[in-house]
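So the chains spell out like this:
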Amino acid sequence: QQEDFIAWPFEKSESFTVRSAYHLAMGEHMDRFSQGASSTCPGGERGMWNIVWRALVPTKMKVFAWRVITGTLATNLERNRRHIGIRATCGMCGRGDESSFHALLVCPNAASLWDAMKDRWPLPNRYDIACTGDEWFLHLLAGQQSNVRDMIIMVLWRV
């Protein structure tokens, strides 16, 4: 026994939001113009991103983690790839190309910080962390409990 009202069926609250309208429009666009899904989430949603965005760390640390995962961290290797830098070699140790994996775990300065923090926090052994490609950091976080994920993000942000 309620009065009729306008309901927006694309939101749980049944209230219109610009976000839900955007997702609706993008979904229709993808259905109309794509030749098939290029991923399991054609709308662009990735549940794995919640590992980063729901971490209990300051926002700047979440953005840092997102940059590591997406390959947009300003390492010498990335600068060189974009024709911004002269060389890809690590400026700290000179022992190899400065990828995010090298800069955050392999470089002696980063390795000493990781090892020192491992004595205090339940961090994984850095020798057990594999460079599995561009999303190595996401794979590392996915295999940890939420409190350890937060610690990992905080330690690597300090490097």
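What comes next concerns the included structure. (Residues numbered from 1 in each chain as written. Predicted model: local features only at pLDDT ≥ 70, side-chain atom pairs only at ≥ 80, totals over all residues. Heavy atoms only, no water.)

1. What about the overall build of the protein chain?
Consideration 1: Tallying secondary structure elements over the protein chain gives 8 helices and 0 strands in all.
Consideration 2: In the protein chain, the succession of α and β elements from N to C terminus is α-α-α-α-α-α-α-α.
Consideration 3: Against the 2.2 N^0.38 benchmark of 15 Å for 159 residues, the protein chain shows a C-alpha radius of gyration of 21 Å, more extended than a compact globule.
Consideration 4: In the protein chain, which comprises 159 residues, the share counted as buried stands at 30%.
Consideration 5: By element, 52% of the accessible surface of the protein chain is carried by carbon and sulfur atoms, the whole surface being about 11000 Å².
Consideration 6: For the protein chain, the centre of its 18 positive side-chain charges and the centre of its 16 negative side-chain charges are spaced 11 Å apart. (Helix = DSSP H or I, 4+ residues; strand = E, 2+ residues; numbered from the N terminus. Rg over C-alpha atoms; globule rule 2.2 N^0.38 Å. Buried < 20%, exposed > 50% of the residue type's maximum accessible area, 1.4 Å probe, protein only. Areas by Shrake-Rupley, 256 points an atom, 1.4 Å probe, with all protein chains shown as cover. Lys, Arg positive; Asp, Glu negative; His and termini not counted. Charge placed at Lys NZ, Arg CZ, Asp CG, Glu CD.)

2. A word on the side chain of Glu78
Consideration 1: In this fold, Glu78 is placed in helix α4 (residues 76-81).
Consideration 2: Only 2.6 Å separates the side chain of Glu78 from the side chain of Arg81, close enough to count as a polar contact.
Consideration 3: There is a polar contact of 2.6 Å between the side chain of Glu78 and the side chain of Arg82.
Consideration 4: Not counting residues within four places of it along the chain, the set of residues in contact with Glu78 comprises Gly71 and Leu73. (Polar contact = N/O pair within 3.5 Å; in protein donor to acceptor, adjacent residues only side chain to side chain. Contact = heavy atoms within 4.5 Å.)

3. Describing the state of the cysteines
Consideration 1: Tallying each qualifying case throughout the model produces 0 disulfides.
Consideration 2: The thiol of Cys107 is unpaired, and the distance to the nearest cysteine sulfur, on Cys90, comes to 3.7 Å.
Consideration 3: A relative accessible area of 4% means that Cys107 is categorised as buried. (Disulfide = S-S within 2.5 Å.)

4. So, the packing of aromatic side chains
Consideration 1: Within the structure shown, the criterion is met by 2 aromatic pairs.
Consideration 2: Between Phe101 and Trp136, the aromatic rings sit 5.0 Å apart at their centres with planes inclined by 90°, giving edge-to-face as the arrangement. Here Phe101 is found in helix α5 (residues 100-106), whereas its partner Trp136 is found in helix α7 (residues 136-142), with 35 residues between them in sequence.
Consideration 3: Residue Phe101 is classed as buried on the basis of its relative accessible area of 14%.
Consideration 4: Ring pairing ties together the aromatic residues Phe101, Trp136 and Phe137, which thus form one cluster. (Phe/Tyr/Trp six-rings, centres within 6.5 Å; stacked < 30°, edge-to-face > 60°.)

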